[in-house]
Amino acid sequence: MTNQIDWVALAIFVFFFALVTVMGFVAARWKTGEVGAHLDEWGLGGRQFGTWITWFLVGGDFYTAYTVIAVPALVYAVGAYGFFALPYTIIVYPFVFAVMPVLWKRAHAAGHVTAADVVYATYDSRILELAVALTGIVATMPYIALQLIGMEVVIKAMGLSGELPIVAAFVILALYTYSSGLRAPALIAFVKDIMIYIVVLVAVVVVPARLGGYGAVFSAANDAFVAKGGNTGLLLKPEQMLAYATLALGSALAAFMYPHTLTGVFASKSADTIRKNAILLPAYTLLLGLIALLGYMAYAAQIKVASPNDVVPTLFKTLFPSWFAGFAFAAIGIGALVPAAVMSIGAANLFTRNVWKSYVDPGISHAGEASVAKITSLVVKVGALAFILFLPTQYALDLQLLGGLWILQTLPALVFGLYTRWFRAESLLLGWAVGICWGSWTAWSNGLKPLASITFGGAAHTFYVGLGALALNIVVAVVATFVVSWISPDAKRSVTAGP
């Protein structure tokens, strides 16, 4: 990519960015309820989002700008293995359909705002509540930074250099999120998702037509992978299948443990809204599959890049006129704003409810909670921006991989308590600690890679570390609960567990 500024693309980008900025501030007056009067209003949009708003919101914060950049980049780099995101986004929705309405009913009935609220109400354990809250906050920070990386890639593709454009974009994001809360990304998500759909549908028709059809696309990609060798190719190698399956399953289980996806669940107006979204959201999986194919198309277009992350911007710059490239870049840039806003709101809700209110000011008013959450959301964004400005990009990538492993360890405490009162809080806390420590140590020992190998039956088996850590977490929690129950059968159990 050249450093010459593409003024047409930049003008289109700025126009749409300005449009969503106005929408972000207007969103404060969208729907009923005073944004600053209650954390429910600022952090959950008044819990009044119906099927379509929730569909755009959850889709907007689940399928992010970095997804549009990173999935084709991984497919470009390794081939079929990069498609693990497709089965993971299929597996996740039956889980959402079965579990999230139960969680919503528990949260709605008691006024819970966060996953840690639900955990505390279930187990009456401040330590377990704090563990879940801090895990959510820490796992979210590098995830926000990844959205900045996605925006940074497209800004550089238009010829802009330096950090000022990315800082300006995030200052704008911080201001309208502070002003409008969850209503801002919910409203902007409409524009973002429609733009992404237009870009991808045009690309999957026009690009192959220019390159000789899909046969030529797959042939060029296959030739490139044959020349590259190793574990690359249009089909998975036998030794990749276990890793592929466990990575897909582990990622699916982790996806709706993150604060930003749970925020979309809590903000829904009914359990039926969540069920309908579990049925409708797989439409995004189709979109994701089409996005992934851009990685193969880059080979047919004979694109050479210094980093795989540059594949999508370079493809659009090469094959489309400047005005459409600017439209595509705007879609990706806005695609960074929606999830980044929801992520910062989810982290702010956790800090406000489960750190500030629990340990600093238990008597805080509803308006006070909203004020603390607003300030916290600004701090979270500044922290994410610091990742990009002062640390190597690889740190954000590595920490996001660890973040997925960490957030997965909160699943037993949150989900099991929706169905049974058998587990003990101290057992779940021990399982969480063992899962976090073993998973982090194993990932660190493997160079912060998400996969590890064990030798069994004379063969090496590679699997996703996060799923292995979750299995260990559950085993420890079960064993510890048996031990505690045997030693102290009359000890207090959870206080509100059960469907």
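In what follows, the structure referred to is the one given above.
What counts as what
Residues numbered from 1 in each chain as written. Predicted model: local features only at pLDDT ≥ 70, side-chain atom pairs only at ≥ 80, totals over all residues. Heavy atoms only, no water. Pairing = 2+ DSSP bridges. Helix = DSSP H or I, 4+ residues; strand = E, 2+ residues; numbered from the N terminus. Salt bridge = Lys/Arg side-chain N within 4 Å of Asp/Glu carboxyl O. Buried < 20%, exposed > 50% of the residue type's maximum accessible area, 1.4 Å probe, protein only. Axes fitted to C-alpha atoms, helices over the stretch in contact; angles between N-to-C directions. Left-handed = near helix turned anticlockwise from the far one by under 90°. Contact = heavy atoms within 4.5 Å. Nonpolar A, V, L, I, M, F, W, Y, C, P; charged D, E, K, R; others polar. Core = buried A, V, L, I, M, F, W, Y, C linked by side-chain atoms within 4.5 Å. Phe/Tyr/Trp six-rings, centres within 6.5 Å; stacked < 30°, edge-to-face > 60°. Expected span 1.5 Å × (residues − 1).

Participant: Can you lay out the pairing of strand β2 (residues 459–464) for me, pointing to particular residues and giving the numbers?
Facilitator: By the bridge criterion, six bridges tie strand β1 (residues 451–456) to β2 in an arrangement that is antiparallel. Note on β2: the bridge partner recorded for Thr455 is Ala460. What sits between the antiparallel neighbours β1 and β2 is a turn of two residues, in which Gly457 has the positive phi angle 65 degrees.

Participant: An account of the pattern of salt bridges is requested, with residue identities and associated values reported.
Facilitator: Under the defined criterion, the tally for this structure stands at eight salt bridges. Here Arg275 and Asp272 are joined by a salt bridge, their closest N and O atoms 2.9 Å apart. Remark: Asp272 and Arg275 occur in helix α13 (residues 271–280); sequence separation between them is three residues, near one turn of the helix. Overall, Asp272 belongs to the partly exposed group, its relative accessible area being 46%. The salt bridge partner of Arg353 is Glu369, with a shortest N-O separation of 3.0 Å. With Arg353 in helix α17 (residues 322–360) and Glu369 in helix α18 (residues 366–390), the pair connects residues that are 16 residues apart, well separated along the chain.

Participant: For the packing of helix α9 (residues 183–211) against α17, give the residues involved together with the corresponding values.
Facilitator: Viewed as axis vectors pointing N to C, α9 and α17 meet at an angle of 145 degrees, and their least axial separation amounts to 9 Å. Judged by the twist between their axes, the crossing of α9 over α17 is left-handed. On the side of α9, the interface is formed by Pro185, Ile188, Ala189, Lys192, Met195, Ile196, Ile198, Val199 and Val202, while α17 contributes Phe324, Phe327, Ala328, Ala330, Ala331, Ile332, Ile334, Gly335, Val338, Ala341, Val342 and Ile345. Across the contact of α9 with α17, the residue classes break down as 19 nonpolar, one polar and one charged.

Participant: Describe in detail the nonpolar core, supporting the description with residues and values.
Facilitator: Membership of the largest hydrophobic core comes to 171 residues, with the highest contact counts inside it found for Met100, Phe256, Tyr296, Met297 and Phe316. Counting nine residues, the second-largest nonpolar core is a separate cluster that includes Trp406, Ile436, Leu448 and Val465.

Participant: Run through the packing of aromatic side chains, naming residues and quoting values.
Facilitator: Per the counting criterion, the structure on display carries 28 aromatic pairs. Taking the centre distance of 5.0 Å and the plane angle of 80 degrees together, the rings of Trp55 and Phe56 count as edge-to-face. Summarising the burial analysis for this pair, Trp55 and Phe56 share the class buried. Here Tyr143 and Tyr258 contribute two aromatic rings whose centre-to-centre distance is 5.1 Å and whose plane-to-plane angle is 70 degrees, an arrangement assigned as edge-to-face. Placement of Tyr143 in helix α7 (residues 126–157) and of Tyr258 in the loop between α11 (241–255) and α12 (259–266) is noted, with a sequence separation of 115 residues between them. Tyr143 sits in the buried class, given a relative accessible area of 12%.

Participant: Mind laying out helix α21 (residues 425–445), listing which residues take part and the relevant values?
Facilitator: An ideal rise of 1.5 Å per residue puts 30 Å on 21 residues; α21 measures up with 30 Å between its terminal C-alpha atoms. Along α21, the residues that are buried comprise Ala425, Ser427, Leu428, Gly431, Gly435, Ile436, Gly439, Ser440, Thr442 and Ala443. Once α21 ends, the next one or two residues include Gly447, with phi positive near 70 degrees.

What is shown is where atoms sit, not what they do.
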